[in-house]
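Take a look at the letters that make up each chain.
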Amino acid sequence: MKMEVQIISKECIKPSSPTPHHLRNHKLSLLDLYIPPFYIPLVVYYPVNQDTSLSPNDIDHIVSIRLQMLKQSLSETLSLFYPFSGKTKDFLSIECDDKGAYFVRARVESPLDDFLNHPDNVLTTKFLPDGGKWGSEPPFENYVAGIQVTTFACGGIAIGVCVSHMVADGTGFSSFIKSWAAATARKNIEKAMHPKFNASSLFPQNPAYTREVCTSTVFTSHIKFEKFVTRRFVFDASAIANLKAKATSSNVQNPSRVQAVTALLGKCIMLILKGRSGNSNKPFLLNHAVNLRRRVTPPFSDVYDIGNFVWMASVLCDNYEAELHGLVSQLREEISKLNGDLVNSLQGDGGLLKFLKAVKDETETCTSAADNIVFSSWCNFGFYDIDFGWGKPAWASIYGVDKLGYSGNLIMLMDTRVGNGIEAWVYLGEEDMATLLLDKQLLEYASIDPSPFK
């Protein structure tokens, strides 16, 4: 669909109180260096929730008040999440100079429902700061965080947020947005308090090792230059129940919905990649990001411990015709290896040697594979509970691509708006995606690019 997004203004929102001098240089942790320096994006959409008899002037007044509330509460939240208002000094640290978060105000002269009824994956980028251009390199002036608030003619609002992955993983990113929403709505303020940025003391870096040395080749070894496209495959609750039943076996008594969907998509995509490459000798690598916070005793907090507490579980797959329960069993086995012993071994002065050994092993695994697929799950992050004071969002999206460039095979898993479904954002080469869209086994369970209202 055609929709023009008009940029109204750009500014910096500074924290409401200055960052103490002793916190001005935020060192990244060893696990922060494991992540490439791209940005985490999210857009949450809020339809108008008011009397339809209101005039355009009334709508403009309400929007103006909400914008002012968003700016004020963002300023307060940035005082707590102080690295988010800094700038990337180098690939080892953040200069917490209170520069502020990049804030864009935009407007669309059509109702939000026009977009939500017929969502365009690529159009979602226009609701992110600078059109979602913040990619593998830091944006202009090296902002850590960027926000765009887009208002629609009806009074609806889309809030797009980008935060550098160097500072936080998806869990920490969601904690920031929830804290901002709580501060805006002036409720549950205690949930917005006391985030901790002490990961570098738990997993200390060594300046002798640059990000380029530390970043695992799991993110770069199979990067290809071609036209990449995005499609959404949505699995409703009944489809998930059927998938979980197929994935159940004596080894896997109760597969999770994420594991079941990962196995199905992984199998379908691996068969496509195998058919295109014609390489029957090498296995394919299925990688899944794992939150380490709850895999150690005592656990780290999903709410307050901000940073990257993520590692990859890697499954080498050479039996492409395997049943779903076989893939789920392999995935569970690899995830079980990411336990408290691993997390403890990465901490302290001896963590670097363990880290480099793990990266070396991962590099060798990647090299032995014909291609790889990376999965990351944002399920159970609570994005549909983000309430800024005017109700919960109708949709939470990432962003779509349809362009020529360097990329890899990536699948992001999100919750659906209702029920226990999963919305899979799939990023593949154009030819591979065209084949996937015809996969009968996949289409038995998933619908393609539906409206979030369906």
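Above this text you will find the structure in question.
Now for a quick tour of the structure. Bear in mind the structure is a predicted one, so any value in this text is a computation, not a measurement. (Residues numbered from 1 in each chain as written. Predicted model: local features only at pLDDT ≥ 70, side-chain atom pairs only at ≥ 80, totals over all residues. Heavy atoms only, no water.)

## A few points about the overall build of the protein
We apply this condition: Each helix corresponds to a stretch of at least 4 residues labelled H or I by DSSP, and each strand to a stretch of at least 2 residues labelled E; elements are numbered beginning at the N terminus. For the radius of gyration, the atoms used are the C-alpha atoms, and the globule rule reads 2.2 Å times the number of residues raised to 0.38. Throughout this description, buried means an accessible area under 20% of the type-specific maximum (1.4 Å probe, protein chains only), exposed means over 50%, and partly exposed covers the range between. The contact rule is simple, with two residues in contact once any of their heavy atoms fall within 4.5 Å. Where accessible areas are quoted, they stem from the Shrake-Rupley method and a 1.4 Å probe; at the residue level, only the protein chains shown are allowed to cover. Positive charge is attributed to Lys and Arg, negative charge to Asp and Glu, and no charge count is given to His or to the chain ends. Taken as the charge location is NZ of Lys, CZ of Arg, CG of Asp or CD of Glu.
Summing up its helical and strand segments, the protein has 12 helices and 17 strands in all. Over its C-alpha trace the protein gives a radius of gyration of 22 Å, about what one expects of a compact globule, namely 22 Å for 454 residues. Across its three principal axes, the protein shows a C-alpha extent of roughly 65 × 50 × 40 Å. Per-residue burial over the protein gives 56% buried out of 454 residues. Partitioning the intrachain contacts of the protein with sequence separation of at least 6 by distance along the chain shows that 82% fall at a separation of at least 24. Accessible area for the protein stands at about 18900 Å²; split by element, carbon and sulfur atoms hold 52% of it. Charge separation in the protein, taken as the distance between the mean sites of 44 positive and 47 negative side-chain charges, equals 1 Å.

## Regarding the environment of Gly160
Topologically, Gly160 is positioned in strand β8 (residues 157–164). The buried category is assigned to Gly160, whose relative accessible area is 0%. Sequence-wise, Gly160 and Thr124 are 36 residues apart; in three dimensions their C-alpha atoms are separated by 9.0 Å. Among all residues touching Gly160, those that are not within four sequence positions of it are Leu42, Val43, Phe127, Leu128, Pro129, Gly146, Ile147 and Gln148.

## Quick notes on the packing of aromatic side chains
The cut-off we apply is this: Each Phe, Tyr or Trp ring, with Trp reduced to its six-membered ring, pairs with another whose centre is within 6.5 Å; inter-plane angles below 30 degrees give stacked pairs, above 60 give edge-to-face pairs, and intermediate values give tilted ones. Charge-over-ring contacts are defined here by two conditions on Lys NZ or Arg CZ: a distance within 6 Å of the ring centre and an angle within 35 degrees of the ring normal.
This model, assessed by the stated rule, comprises 29 aromatic pairs. Summarising the aromatic geometry, the rings of Phe381 and Phe383 are spaced 5.8 Å apart at their centres and angled 80° between planes, so their arrangement reads as edge-to-face. In this pair, the class of Phe381 matches that of Phe383, namely buried. An aromatic cluster of three or more residues is present, and its members are Tyr45, Phe115, Phe127, Phe152, Trp395 and Trp425. Note that Lys99 overlies the ring of Tyr143, its terminal NZ or CZ placed 4.2 Å from the centroid.

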